[in-house]
Amino acid sequence: MQPHTATIRAYLGSGGMGATYADPAAVPCFAEDEHRLVRDRDGEERVSSSQVTLGFDVVAPVGSMVSVWGLPEREVIAVGRHEAPGWPAYQTLNLA
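Residues numbered from 1 in each chain as written. Predicted model: local features only at pLDDT ≥ 70, side-chain atom pairs only at ≥ 80, totals over all residues. Heavy atoms only, no water.

Engineer: Summarise the overall build of the protein chain; cite the residues concerned and give the values.
Structural biologist: Along the protein chain, the regular secondary structure elements total 0 helices and 8 strands. Of the regular secondary structure in the protein chain, the N- to C-terminal order runs β-β-β-β-β-β-β-β. For 96 residues, the compact-globule estimate of 2.2 N^0.38 gives 12 Å, and the C-alpha radius of gyration of the protein chain, at 13 Å, lies within 12% of that figure. By principal-axis analysis of the C-alpha atoms, the protein chain measures approximately 45 × 30 × 25 Å. (Helix = DSSP H or I, 4+ residues; strand = E, 2+ residues; numbered from the N terminus. Rg over C-alpha atoms; globule rule 2.2 N^0.38 Å.)

Here it is in structure tokens:
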């Protein structure tokens, strides 16, 4: 069930000129606005204001930029991957 569309610029790394991102890609997803407390890659607690659920085939590591519903881009602060036998596999992007 993916009734929404997210535009994702995957984080590729950073260098002397700052962060580098892949070209924007529109992907089907399920998006919801809900405040959740999550831990970022450094273990710090952060508030995620939105979550985007999509398939495993989408590359969107922590640091990627995501836009849903035409709103400004927000950074991915945590990623959860979910897989169980007999169920569809998916990942959840937690946005700042």
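Engineer: Kindly report on the pairing of strand β2 (residues 11-15), identifying the contributing residues and their values.
Structural biologist: Taken together, the 4 bridges between β2 and strand β3 (residues 18-21) define a ladder with antiparallel strand orientation. Pairing of glycine 13 across the sheet is with threonine 20, part of β3. Linking two consecutive strands that pair antiparallel, namely β2 and β3, is a turn of 2 residues. (Pairing = 2+ DSSP bridges.)

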